[in-house]
Amino acid sequence: MAVTRTFSIIKPDATRRNLTGAVTKMLEDAGLRVVASKRIHMTKDQAEGFYAVHKERPFFGELVEFMTSGPVVVQVLEGEDAVVRNRTIMGATNPADADDGTIRKTYAESIEANTVHGSDSEENAKIEIDFFFDENEIVG
Ligand code: UDP
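Residues numbered from 1 in each chain as written. Predicted model: local features only at pLDDT ≥ 70, side-chain atom pairs only at ≥ 80, totals over all residues. Heavy atoms only, no water.

Going by an unreviewed UniProt entry, the protein chain carries the name Nucleoside diphosphate kinase and comes from Aurantiacibacter aquimixticola. You can read under Subcellular location (unreviewed entry) in the UniProt record for the protein chain the words "Cytoplasm". The annotation that UniProt attaches to the protein chain under Cofactor (unreviewed entry) is "Mg(2+)". (UniProt positions renumbered as here; feature names shortened; annotations may be inferred.)

Here it is in structure tokens:
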């Protein structure tokens, strides 16, 4: 299995509860390596741009408000089959549906405030990494 990259966000509900380390440990324990990381406060423009694919969904406005409500930690993760590996440790979007031992089952507050984002395909991972990082900020 090839070593690939994915993009992750530790969301405002997690930074507010000081869970950056705890969430990162779960990612690392799942075999993912943090090869870039920065804490930012997303602007409305950034959040709207990042979630543009969801702009027709009823929850879009609230999602943008939530994602700009506090700091987030954007990360590039590397590992074998990183996209799938990350989606597995994250768990289902709605924590009520997430498997035991996943990040969302352990920490998420709601379907919206669900602690982490993770790219859903390698194609989107590239786009999302480029949205927040220059290549020279990624150190493998
Ligand atoms: N979301 C929401 N309400 C919903 C579905 C999703 O607020 O009914 C939010 C939630 O924060 C989720 C994000 O929108 O993580 C993106 O949704 P997606 O369906 O892409 O889920 P994900 O890939 O994050 O599991």
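Draft legend 1. Broad picture of the side chain of lysine 11. Looking at where lysine 11 falls in the secondary structure, it is placed in the loop between strand S1 (3-10) and helix H1 (12-16). Among buried charged residues, lysine 11 stands out as having no salt bridge; its nearest opposite-charge side chain is aspartate 13, 6.6 Å away. Side-chain polar atoms of lysine 11 contact the side chain of asparagine 114, separated by 2.8 Å. Here lysine 11 is in contact with Tyr51, Phe66, Met67, Pro71, Val72, Arg104, Glu112, Asn114, Thr115, Val116 and His117, once residues within four sequence places are set aside. (Helix = DSSP H or I, 4+ residues; strand = E, 2+ residues; numbered from the N terminus. Buried < 20%, exposed > 50% of the residue type's maximum accessible area, 1.4 Å probe, protein only. Lys, Arg positive; Asp, Glu negative; His and termini not counted. Salt bridge = Lys/Arg side-chain N within 4 Å of Asp/Glu carboxyl O. Polar contact = N/O pair within 3.5 Å; in protein donor to acceptor, adjacent residues only side chain to side chain. Contact = heavy atoms within 4.5 Å.)

Draft legend 2. View of the site of the ligand. All residues adjacent to the ligand are Lys11, His54, Phe59, Leu63, Arg87, Thr93, Arg104, Ile111, Glu112 and Asn114. Contact between the ligand and lysine 11: an oxygen atom at 3.0 Å from a side-chain N or O atom of the residue. At 3.0 Å, a side-chain N or O of asparagine 114 approaches an oxygen atom of the ligand. Computed on the free molecule, the ligand has an accessible area of 510 Å², of which 82% lies beneath the protein chains in the complex. For the shell around the ligand, the per-class residue count stands at three nonpolar, three polar and four charged. (Near = heavy atom within 4 Å. Areas by Shrake-Rupley, 256 points an atom, 1.4 Å probe, with all protein chains shown as cover. Nonpolar A, V, L, I, M, F, W, Y, C, P; charged D, E, K, R; others polar.)

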